[in-house]
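Survey of secondary and tertiary structure
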Amino acid sequence: MQRITTVVSGRPMVAWRASGARPSVVCVHGAGVSSREFQPFIKVLGRRHDAWSVDLPGSGASSGPPRPLGLRAPADAVAEWQTAVDLDRVVLLGGSFRRS
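Attention here is on the structure that accompanies the text. Every chain is numbered on its own, with residues counted from 1 as its sequence reads. For a predicted model such as this one, the threshold for reporting local features is a pLDDT of at least 70, and the threshold for listing and counting side-chain atom pairs is 80 or more; totals across whole chains, interfaces and linings nevertheless cover every residue. For side-chain calculations, the full set of non-hydrogen atoms in the structure is used, while hydrogens and water are omitted.

1. A word on the overall build of the protein chain
Counting from the N terminus, the helices are the DSSP runs of H or I reaching at least four residues and the strands are the DSSP runs of E reaching at least two. Each helix and strand counted, the protein chain has two helices and five strands in total. The order of α-helices and β-strands along the protein chain, N terminus first, is β-β-β-α-β-α-β. The atom set for the radius of gyration is the C-alpha atoms, and the globule formula is 2.2 Å times the number of residues raised to the power 0.38. Radius of gyration (C-alpha) of the protein chain: 13 Å, near the 13 Å computed for a compact globule of 100 residues. Along the first, second and third principal axes, the C-alpha atoms of the protein chain reach 40 × 35 × 20 Å. Using a 1.4 Å probe on the protein chains alone, a residue whose accessible area is under 20% of its type maximum counts as buried, one over 50% counts as exposed, and one in between counts as partly exposed. Each of the 100 residues in the protein chain was classed as buried or not, and the buried ones make up 39%. A contact between two residues is defined here by any heavy atoms of the two lying within 4.5 Å. By sequence separation, contacts in the protein chain at least 24 residues apart represent 69% of the contacts at least 6 residues apart. Surface accessibility of the protein chain: about 6100 Å² in total, with carbon and sulfur atoms responsible for 52%. In this count, Lys and Arg are taken as positive residues and Asp and Glu as negative ones, while His and the chain termini are left out. Each charge is placed at NZ for Lys, CZ for Arg, CG for Asp and CD for Glu. A gap of 7 Å separates the mean positions of the 13 positive and 7 negative side-chain charges of the protein chain. Every accessible area reported is derived by Shrake-Rupley at a probe size of 1.4 Å, with residue values counting cover from the shown protein chains alone.

2. Describing the pattern of salt bridges
Any Lys or Arg side-chain nitrogen located within 4 Å of an Asp or Glu carboxyl oxygen qualifies as a salt bridge. The tally for this structure, following the rule as stated, stands at two salt bridges. With a closest N to O distance of 2.7 Å, Asp50 and Arg17 form a salt bridge. You can see Asp50 sitting in strand β4 (residues 50–54) and its partner Arg17 sitting in strand β2 (residues 11–18), a full 33 residues away along the chain. The exposure class assigned to Asp50 is buried, which follows from its relative accessible area of 0%. For Asp76, the salt bridge identified is with Arg72, shortest N-O distance 3.6 Å. Its relative accessible area of 63% is what places Arg72 among the exposed residues.

Shown next as structure tokens:
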């Protein structure tokens, strides 16, 4: 699995990739967690697809934003990141994990 850092809106955004065949699958975590939650999944998914797990701004290894994010900002960051890493057609997989 590769760690890939890409600058998005002037700040580093980190993703993990298990290279495989396209279409690419991009896993996007929910609030309060990071791409780490998806890493076991992308290791398996990478056997058949180009699998990614991305840290949203201020989560995991990605740099924090200069101010708190609104509801739309994480989606905008993923779209800008997707363009920066040259992924034109992807399957987005969102997940949110709640720990008790």
